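Residue-level listing of the chains:
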Amino acid sequence: MVLLQEETLDRERARLEALRQREQDRAKRYMNSKNRIGIDKNYLDKQIEEKRQLELAQKEQKIAEAENLKHLVQCLDDSEAAAQELKKRSLNEIKNSLYEQTTQPKNNALGMDGPLDLDHCGPSSLQCFSGEDHLYENRKKAQQEQTKLWTAEYMVAKRRALDDERKEEQDYANYVLEQDRIRSELEEAAKRKKADEARLRQLENLEYARQARQRKEHEMEAENEAQRLQSHYLQTCPLLTEDTKFATNVNAEHRFRPDHFKGFQKDLQRKLYKENDAVVEEKREVCNREAESEANWARYQAEEMKQRMFAEETKQRMLVEENRVQSSILAQQKEELEQKKAETENLAPIGSEFFMRFGQSCR
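These numbers were taken from a predicted model, which means no experiment stands behind them.

Peer 1: If you had to explain the overall build of the chain to someone new, which residues and values would you point to?
Peer 2: Helix and strand counts for the chain stand at 4 helices and 0 strands. Ordered by position from the N terminus, the helices and strands of the chain form the series α-α-α-α. Burial statistics for the chain: of 363 residues in total, 8% are counted as buried. Once local pairs closer than 6 in sequence are excluded, the contacts in the chain between residues at least 24 apart make up 59%. Summed over all atoms, the accessible surface of the chain reaches about 32000 Å², with 56% contributed by carbon and sulfur.

Written out as structure tokens, the structure is:
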């Protein structure tokens with residue numbers, strides 16, 4: 001296998017050297033101005049031939065590698081067959097030895113190396129069986145120590161996992177409590193912001209209603225003042241307060257002289273005044289109705305604001321109650337965890353006496 005790798009490296013090194021030499025030759029030809037223009041047919045033929053030779057070399061290399069791999073597989077198969085044959089032969093020898101031992105009579109075991117020393121050996125030392133285990137006690141002790149070590153490691157890992165689980169549960173409970181606290185603070189801030197906006201909107205509506213009412217009052221006062229001035233002018237104007245009989249036609253009392261018209265008669269004037277008063281009264285009623293409508297709208301807005309604030313307060317109370325219930329549930333879960341922890345800690349620890357009888361018989 002090492003020789004095959006060295007041959008492959010040598011071929012690769014030779015290929016790289018040839019490629020480098022071709023690149024140098026090509027650069028020299030390019031630098032030659034006489035041969036640079038046109039096609040170098042000889043060099044192209046040489047390149048084609050080199051490519052063909054390279055392909056043939058690669059094919060030969062692949063064939064050689066396949067032959068080497070086949071030879072290696074054949075060697076492995078032969079070695080495995082030889083190992084199987086050796087194993088089979090040893091098993092046959094063991095079987096023949098066992099068969100020969102079964103054909104021999106009893107108490108005909110072979111002696112150990114050297115003569116027996118009867119001063120140091122008892123009757124039970126006359127035979128030595130190949131199945132005796134002289135390292136049983138040491139192996140049992142080692143197994144007990146290993147079992148103790150495994151049990152201690154398992155207990156430590158279990159205790160560490162239990163502590164990690166308790167820590168995760170405590171962290172989660174703290175996270176939930178902190179989340180509830182932050183949510184309550186945000187909801188309280190949102191509630192205060194909504195209440196401030198509602199109060200500000202209510203004040204703006206009241207201010208708009210007051211300004212509209214004040215504007216209408218100013219308009220009504222200006223209109224009343226204009227009507228009062230007009231009435232005073234009509235009553236004190238020299239042209240309109242002259243004697244109207246001067247305009248009456250002498251020949252026909254029911255006719256007036258257009259060139260001497262001095263105003264309406266008293267009855268007609270009273271009629272006109274009554275009509276004007278009726279119009280003024282109608283306008284006053286319209287203004288009163290508008291003022292009453294504005295007042296009703298303001299009362300509606302105030303009532304709606306109260307209902308909205310009441311709904312917000314009810315929602316906040318429900319959220320507070322829900323948070324309180326969640327807090328009580330978390331507190332109960334925490335108490336249950338502490339109770340389980342106390343019950344677990346109250347269990348008796350596993351002492352060294354627990355491992356003393358490992359590997360020993362119950363009798």
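Moving on from the coordinates now.
Peer 1: Quick one: what's the story with a negative patch on the surface, residue by residue and with numbers?
Peer 2: Judged by side-chain charge, Asp-163, Asp-164, Glu-165, Glu-168 and Asp-171 come together as a negatively charged surface patch. Relative to the assigned elements, Glu-168 resides in helix α3 (residues 136-236).

Peer 1: Talk me through the confidence of the model for the chain; I want residue IDs and the actual numbers.
Peer 2: Model confidence for the chain is summarised by a mean pLDDT of 79, while 75% of its residues fall at 70 or above. Mean pLDDT across the secondary structure elements of the chain bottoms out at helix α1 (residues 2-31), with 77, and peaks at α3, with 87.

Peer 1: Account for the packing of α3 against helix α4 (residues 266-345), naming residues and giving values.
Peer 2: The description of two helices packed together rests on the angle between their axes and the distance between the axes. Contact pair α3 / α4: the axes reach a minimum separation of 11 Å and the direction vectors enclose 175°. By the criterion of interaxial angle, the relationship of α3 to α4 is roughly antiparallel. Class assignment for the residues of the contact of α3 with α4 results in 17 nonpolar, 13 polar and 19 charged.

Peer 1: Give me the environment of Glu-223: which residues, what numbers.
Peer 2: Within the secondary structure layout, Glu-223 lies in helix α3. For Glu-223, a relative accessible area of 28% puts it in the partly exposed group. Residues Glu-223 and Val-280, 57 residues apart in the sequence, show an inter-C-alpha distance of 9.1 Å.

Peer 1: Please give an account of the side chain of Asp-180 that cites residues and values.
Peer 2: With respect to the helices, strands and loops of the structure, Asp-180 is situated in helix α3. Ignoring anything within four residues of it in the chain, the contact list for Asp-180 reads Asn-323 and Gln-326.

Peer 1: Would you mind going over the pattern of salt bridges in detail, with residue names and values included?
Peer 2: The final tally for this structure, using the stated rule, is 20 salt bridges. Beyond isolated ion pairs, a larger network of salt bridges with shared partners links Glu-178, Arg-181 and Glu-185.

Reading the values: the criteria
Residues numbered from 1 in each chain as written. Predicted model: local features only at pLDDT ≥ 70, side-chain atom pairs only at ≥ 80, totals over all residues. Heavy atoms only, no water. Helix = DSSP H or I, 4+ residues; strand = E, 2+ residues; numbered from the N terminus. Buried < 20%, exposed > 50% of the residue type's maximum accessible area, 1.4 Å probe, protein only. Contact = heavy atoms within 4.5 Å. Areas by Shrake-Rupley, 256 points an atom, 1.4 Å probe, with all protein chains shown as cover. Patch = residues over 30% accessible without salt bridge, like charges linked within 9 Å, V, L, I, M, F, W, Y side chains within 5 Å. Salt bridge = Lys/Arg side-chain N within 4 Å of Asp/Glu carboxyl O. Lys, Arg positive; Asp, Glu negative; His and termini not counted. Charge placed at Lys NZ, Arg CZ, Asp CG, Glu CD. pLDDT = per-residue confidence, 0-100. Axes fitted to C-alpha atoms, helices over the stretch in contact; angles between N-to-C directions. Parallel < 35°, antiparallel > 145°, perpendicular 65-115°, else oblique. Nonpolar A, V, L, I, M, F, W, Y, C, P; charged D, E, K, R; others polar.

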